Amino acid sequence: MVKRKLCEPLENRKGSLYFDGFSVEELAQKYDTPLYVLSEKRIRENYNRLYDALAGKYKDVRIYYACKANTNLTVLKILQLEGAYLDAVSPGEVFMGLSSGFAPERILFTGTSVRSDELKFLVDAGVTINIDSQSELDRLFKIAVPSTISIRVNPEIGDGHHDHCITAGPQVKFGLCEEDVLKAYAVAKKARVERFGIHMHIGSGILNINSYIQAVEKLLGIAKRVHDELDITFDFIDIGGGFGVSYHPDDDDLNLSEFVSKIVSLFKAKVKEYKLGKPFLCVEPGRYIICDASILLTTVNTVKLTPYRKFIGVDAGFNTLARPAMYGSYHHILAANKLNSKSNETFDVVGPLCESGDVLAKDRKLPLIVEGDVLAVLNAGAYGFSMSSQYNSRPRAAEVMICQGKPVLVREREQFQDLLLSQRVALQGE
Ligand SMILES: *Cc1c(COP(=O)(O)O)cnc(C)c1O
């Protein structure tokens, strides 16, 4: 079924799938499905692998966890305890970060289309603001002049696994282009901002080192101009997140050491050549930290053979995992109790929603599946639960984390009552 051997935290024990040491069938039985299962161990490993790779080449690094990938409070707590910083894209994410114990100085807010009352909230919270437009900067300065400001640059080079996830380039709404960047720093300097950062984030799911390298080069060139023309020194240079993860068993993983080594060498060389001082090198991974640290378990309700297709109907749809429907993303699927069986059948794995687009996997080779089987959807940790919804009035899934060696329910399954929350019925009567 999988050509590549299962890798940690997945394990094949006599044909049964284990995740971080626990039988996924037993987890499904105990906590019911759909169920996200997370691994504390894997989150820490992913963070530390990246930190060690970067810090081995450049001492002053900071990893900002881009929490829109997964805002589970225990995930945030683990990363806070590891010493991570936090990348927040909304005031709600800032709130989640502060609630998890991140000091405001460790939170960088990178919003777009930001409201003035949100800017006020951010100023009061004391987080660092990364500016996405001149309008945002002007409105911020009417509220307060923070001691630190960063500007999001559009380096006009983008990349990503899907058009929706490319966040730099000529057609994209994010950041400021070169000349506007210079104007914005000039305004900030005049307003007596004391400390500066510079930022880019070119996209998500990047496995192509070259585009990233080119964008870093462009960013540093712009940083040089800001430094030379405005006499601004940067406390930090943030090159964004987007480090890709392979979803398909035939795809290669990101070559982390090559990636880091090329980027850090370029960074060090240019910082030296351009006399940019000793800035922190910041990165903002979301997916890389959390993607393979979680799987989604779902139970087979129906096996339906039509004259045309074989459907496996499961209890997780795009309400639970949006990526396949939203981006056409591939998620590998394993039958939890049939790892040693041959995958001779071709199925469409479909959810319970009343939409034909509710497909988790199309034309997927799987072993013979029967009703009641538990399927594991791999690499579900990033943009899985965080994009889930109550569409079709289906309560959201539960989350269990293998934490300190045992399963812990870290998010209760929503109940019907949760569907009524915050609604008020306008009409009274019998
Ligand atoms: C989404 C996002 C990230 C993280 O992207 P990943 O692909 O999950 O690494 C980083 N920075 C910003 C500003 C983002 O919006």
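Refer to the structure printed above.
It should be emphasised that the depicted structure is a prediction, and the values quoted were computed from it without experimental measurement.

Procedures and definitions
- Residues numbered from 1 in each chain as written.
- Predicted model: local features only at pLDDT ≥ 70, side-chain atom pairs only at ≥ 80, totals over all residues.
- Heavy atoms only, no water.
- Helix = DSSP H or I, 4+ residues; strand = E, 2+ residues; numbered from the N terminus.
- Rg over C-alpha atoms; globule rule 2.2 N^0.38 Å.
- Buried < 20%, exposed > 50% of the residue type's maximum accessible area, 1.4 Å probe, protein only.
- Contact = heavy atoms within 4.5 Å.
- Areas by Shrake-Rupley, 256 points an atom, 1.4 Å probe, with all protein chains shown as cover.
- Lys, Arg positive; Asp, Glu negative; His and termini not counted.
- Charge placed at Lys NZ, Arg CZ, Asp CG, Glu CD.
- Near = heavy atom within 4 Å.
- Polar contact = N/O pair within 3.5 Å; in protein donor to acceptor, adjacent residues only side chain to side chain.
- Nonpolar A, V, L, I, M, F, W, Y, C, P; charged D, E, K, R; others polar.
- Axes fitted to C-alpha atoms, helices over the stretch in contact; angles between N-to-C directions.
- Parallel < 35°, antiparallel > 145°, perpendicular 65-115°, else oblique.
- Left-handed = near helix turned anticlockwise from the far one by under 90°.
- Pairing = 2+ DSSP bridges.
- Core = buried A, V, L, I, M, F, W, Y, C linked by side-chain atoms within 4.5 Å.
- Domains from an automatic or database assignment.
- Phe/Tyr/Trp six-rings, centres within 6.5 Å; stacked < 30°, edge-to-face > 60°.
- Right-handed = clockwise from strand over helix to strand, strands pointing away.

Enquirer: Mind showing me how you'd approach the overall build of the protein here?
Expert: The helix and strand tally for the protein stands at 12 helices and 20 strands. Whereas a compact globule of 430 residues would reach a radius of gyration of roughly 22 Å, the protein reaches 23 Å, a difference of no more than 12%. Projected onto the principal axes, the alpha-carbon positions of the protein cover approximately 70 × 65 × 45 Å. Evaluated residue by residue, the protein yields a buried proportion of 53% over its 430 residues. Put simply, 69% of the contacts in the protein that link residues at least 6 apart link residues at least 24 apart. In the structure as shown, the protein presents an accessible area of about 19500 Å², 50% of it carried by carbon and sulfur atoms. Computing the positive centroid from 52 side-chain charges and the negative centroid from 54, the protein places the two 3 Å apart.

Enquirer: Even after reading the chapter, I still don't get the environment of E229, so can you show me in this structure?
Expert: Topologically, E229 is positioned in helix 8 (residues 209-230). The sequence separation of E229 and P34 amounts to 195 residues, and the corresponding C-alpha distance is 56 Å.

Enquirer: How should I be thinking about the site of the ligand in this particular structure?
Expert: The environment of the ligand is made up of 16 residues, and the closest members are K68, S204, E284, R287 and Y383. A distance of 3.4 Å is found between a nitrogen atom of the ligand and a side-chain nitrogen or oxygen belonging to D87. Contact between the ligand and S204: an oxygen atom at 2.4 Å from a side-chain N or O atom of the residue. Relative to its free-state accessible area of 380 Å², the ligand is covered by the protein chains to the extent of 94%. Here the shell around the ligand is composed, by residue class, of 4 nonpolar, 7 polar and 5 charged.

Enquirer: What's the story with the packing of helix 2 (residues 40-55) against helix 3 (residues 73-82) in this structure? I'm lost.
Expert: For any two helices packed against each other, one specifies the crossing angle of their axes together with the interaxial distance. Running from amino to carboxyl end, helix 2 crosses helix 3 at an angle of 40°, the nearest separation of the two axes being 10 Å. Comparing their axes, helix 3 and helix 2 come out oblique. Here the hand of the crossing between helix 2 and helix 3 comes out right-handed. Along its contact with helix 2, which presents E40, I43, R44, Y47 and N48, the element helix 3 presents V75, I78, L79 and E82.

Enquirer: Can you walk me through the sheet that holds strand 11 (residues 234-238) in this structure?
Expert: Note: strands within a sheet are paired through backbone hydrogen bonds, in either parallel or antiparallel orientation. Judged by pairing direction, the barrel is parallel, and its 8 strands sit side by side in the order 5-6-7-8-9-10-11-12 before closing back on the first. Adjacent strand axes in the sheet meet at a mean angle of 25°, parallel and antiparallel pairs treated alike. Two strands pair when backbone bridges link them, and strand 6 (residues 85-88) and strand 7 (residues 107-110) are joined in this way by 3 bridges, in the parallel orientation. Along strand 7, the bridge assignment pairs D87 with L108. Sitting on the sheet, helix 7 (residues 178-190) touches strand 9 (148-152), strand 10 (195-199) and strand 11, and the angle it makes with strand 10 is about 165°.

Enquirer: Is there a simple way to explain the side chain of H331 in this structure?
Expert: The residue H331 is located in the loop between helix 11 (323-327) and strand 15 (333-335) in this model. Overall, the relative accessible area of 1% leaves H331 in the buried class. Polar side-chain contacts of H331 include one of 3.0 Å to the backbone oxygen of L378. Residues contacting H331, with those up to four places away along its chain left out, are Y247, L321, R323, P324, R364, V377, L378, N379 and A380.

Enquirer: Honestly, the nonpolar core in this entry has me stumped. Any pointers?
Expert: If you look at soluble globular proteins, the nonpolar side chains tend to sit buried side by side. Core analysis: the biggest nonpolar cluster contains 89 residues, and Y65, Y185 and Y212 have the highest contact counts within it. For this core, the leading source of residues is helix 8, giving 11 residues. Among the domains, domain 1 (10-39 + 291-420) and domain 2 (111-285) are the pair contributing at least three residues each to this core. Once residues within four sequence positions are removed from consideration, Y185 is found in contact with S150, I151, F196, G197, I198, V226, L230, I232 and F234.

Enquirer: I keep staring at the sheet that holds strand 3 (residues 22-23) and nothing clicks. Help me out?
Expert: Reading across the sheet, the 3 strands line up as 1-2-3 and stay open at both edges, with antiparallel pairing between neighbours. Of all the strands in the sheet, just strand 1 (10-13) and strand 3 have a single pairing partner and so form its edges. Bridge count for strand 1 against strand 2 (residues 16-19) is 4 bridges, and the pairing is antiparallel. Following the sheet pairing, E11 is matched in strand 2 by Y18.

Enquirer: What should I look at first to understand the packing of aromatic side chains in this one?
Expert: For any pair of aromatic rings, the description consists of the separation of the ring centres together with the inter-plane angle of the planes. This model, assessed by the stated rule, comprises 11 aromatic pairs. Between Y58 and F267, the ring centres sit 5.2 Å apart and the planes meet at 80°, which makes this aromatic pair edge-to-face. With Y58 in the loop between helix 2 and strand 5 (61-66) and F267 in helix 9 (residues 256-273), this pair connects stretches of sequence that are 209 residues apart. The exposure class of Y58 is buried, given its relative accessible area of 12%. Judged by its relative accessible area of 0%, F267 is buried.

Enquirer: Teacher, can you tell me more about the side chain of S329 here?
Expert: For S329, the position within the fold is in the loop between helix 11 and strand 15. Residue classification places S329 among the buried positions, given a relative accessible area of 11%. Reaching out from S329, the side chain makes a polar contact with the side chain of R323 at a distance of 3.3 Å. Those residues in contact with S329, other than ones at most four positions away along the chain, are H161, R323 and P324.

Enquirer: Explain the pairing of strand 6 here, please?
Expert: One face of the sheet, then the other: side chains in a regular strand alternate in exactly this way. Going residue by residue along strand 6, you find Y85 and D87 tucked away on one face and L86 and A88 tucked away on the opposite face as well. In terms of handedness, the path from strand 6 via helix 4 (residues 91-99) over to strand 7 forms a crossover that is right-handed.

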